Amino acid sequence: DGYIENEQSPSKPVIRKNRRPTCRDKYKSGVDINRNFAVAWKSGQFPACDEEYQGTAPFSEPETKALKSICDRNSFKSAMNFHAFGSMLTHPYNWAPTAHRARLKTQDDDLIY
């Protein structure tokens, strides 16, 4: 796991992907778990050594398979996920097909940012 690798090697680059071997450089290897879900997944969008490599298919990784399995077995009414990096708070569907749509904000965004 990238978290464990960061703890064990604090002088190395920050790793935010899982540790699946996807390329020769062990610090660039892995799958970006945030991009391994079926929503907006595109094959070949990023090369295997890229920071945002999405994996070979949606839910190809054990981490996302486990989350999908939990959701499939339950009838959740709601879910909450906080994902933060630097001064940003990102939320689900933090992607858009065009730059224009990416700039559309909601009233909630005005309260947060």
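Just above sits the structure.
Residues numbered from 1 in each chain as written. Predicted model: local features only at pLDDT ≥ 70, side-chain atom pairs only at ≥ 80, totals over all residues. Heavy atoms only, no water.

**Student:** Even after reading the chapter, I still don't get the overall build of the protein chain, so can you show me in this structure?
**Tutor:** Scanning the protein chain from N- to C-terminus turns up four helices and two strands. Taken from the N to the C terminus, the helices and strands of the protein chain come in the order α-α-β-β-α-α. Taking the contacts inside the protein chain whose residues are at least 6 apart along the sequence as the reference set, 26% of them involve residues at least 24 apart. When the accessible surface of the protein chain is summed, it comes to about 9000 Å², and 56% of that surface belongs to carbon and sulfur atoms. (Helix = DSSP H or I, 4+ residues; strand = E, 2+ residues; numbered from the N terminus. Contact = heavy atoms within 4.5 Å. Areas by Shrake-Rupley, 256 points an atom, 1.4 Å probe, with all protein chains shown as cover.)

**Student:** What is the right way to read the packing of aromatic side chains from this model?
**Tutor:** Working definition: an aromatic ring pair is given by the centre-to-centre distance plus the angle between the planes. The tally for this structure, following the rule as stated, stands at one aromatic pair. Measuring from ring centre to ring centre gives 5.7 Å for Phe37 and Phe59, while their planes differ by 90°; the resulting arrangement is edge-to-face. Here Phe37 is found in the loop between helix H1 (2-8) and helix H2 (62-73), whereas its partner Phe59 is found in the loop between H1 and H2, with 22 residues between them in sequence. Sitting over the face of the ring of Phe59, Lys68 holds its NZ or CZ atom 5.5 Å from the ring centroid. (Phe/Tyr/Trp six-rings, centres within 6.5 Å; stacked < 30°, edge-to-face > 60°. Lys NZ or Arg CZ within 6 Å of the ring centre and 35° of its normal.)

**Student:** Would you mind showing me how to read the side chain of Thr64 here?
**Tutor:** If you trace the backbone, Thr64 turns up in helix H2. The exposure class of Thr64 is buried, given its relative accessible area of 0%. Among residues more than four places away in sequence, those in contact with Thr64 are Ile33, Asn36, Phe37 and Phe59. (Buried < 20%, exposed > 50% of the residue type's maximum accessible area, 1.4 Å probe, protein only.)

**Student:** Just to check I follow, could you spell out the environment of Asn6 for this structure?
**Tutor:** Inspection of the secondary structure assignment puts Asn6 in helix H1. The exposure class of Asn6 is partly exposed, given its relative accessible area of 23%. Between the C-alpha atoms of Asn6 and Arg16, which are 10 residues apart in sequence, the distance is 8.7 Å. With near-sequence residues (within four places) excluded, Asn6 lies in contact with Pro13, Val14 and Ile15.

**Student:** Would you mind showing me how to read the side chain of Asp32 here?
**Tutor:** Tracing the backbone shows Asp32 in the loop between H1 and H2. Given a relative accessible area of 0%, Asp32 falls into the buried group. Looking at Asp32, its side chain comes within polar contact range of the side chain of Arg16, at 3.1 Å. Those residues within four positions of Asp32 in sequence are excluded, and the remaining contacts are Arg16, Lys17, Glu51, Glu52 and Tyr53. (Polar contact = N/O pair within 3.5 Å; in protein donor to acceptor, adjacent residues only side chain to side chain.)

**Student:** Please explain the pattern of salt bridges as it appears in this structure.
**Tutor:** Once their charged atoms are close, side chains differing in charge can pair, the charge on each being opposite to the other. Within this structure, the stated rule accounts for six salt bridges. The salt bridge partner of Arg16 is Glu51, with a shortest N-O separation of 3.6 Å. Of this pair, Arg16 sits in the loop between H1 and H2 while Glu51 sits in the loop between H1 and H2; the two residues are 35 residues apart in sequence, bridging distant segments of the chain. Judged by its relative accessible area of 38%, Arg16 falls in the partly exposed class. A salt bridge links Arg35 to Asp32; its shortest N-O distance comes to 3.2 Å. Judged by relative accessible area, Arg35 falls into the partly exposed class, the value being 35%. What you see here is one network of salt bridges that share partners, running through Arg16, Asp32, Arg35, Glu51 and Glu52. (Salt bridge = Lys/Arg side-chain N within 4 Å of Asp/Glu carboxyl O.)

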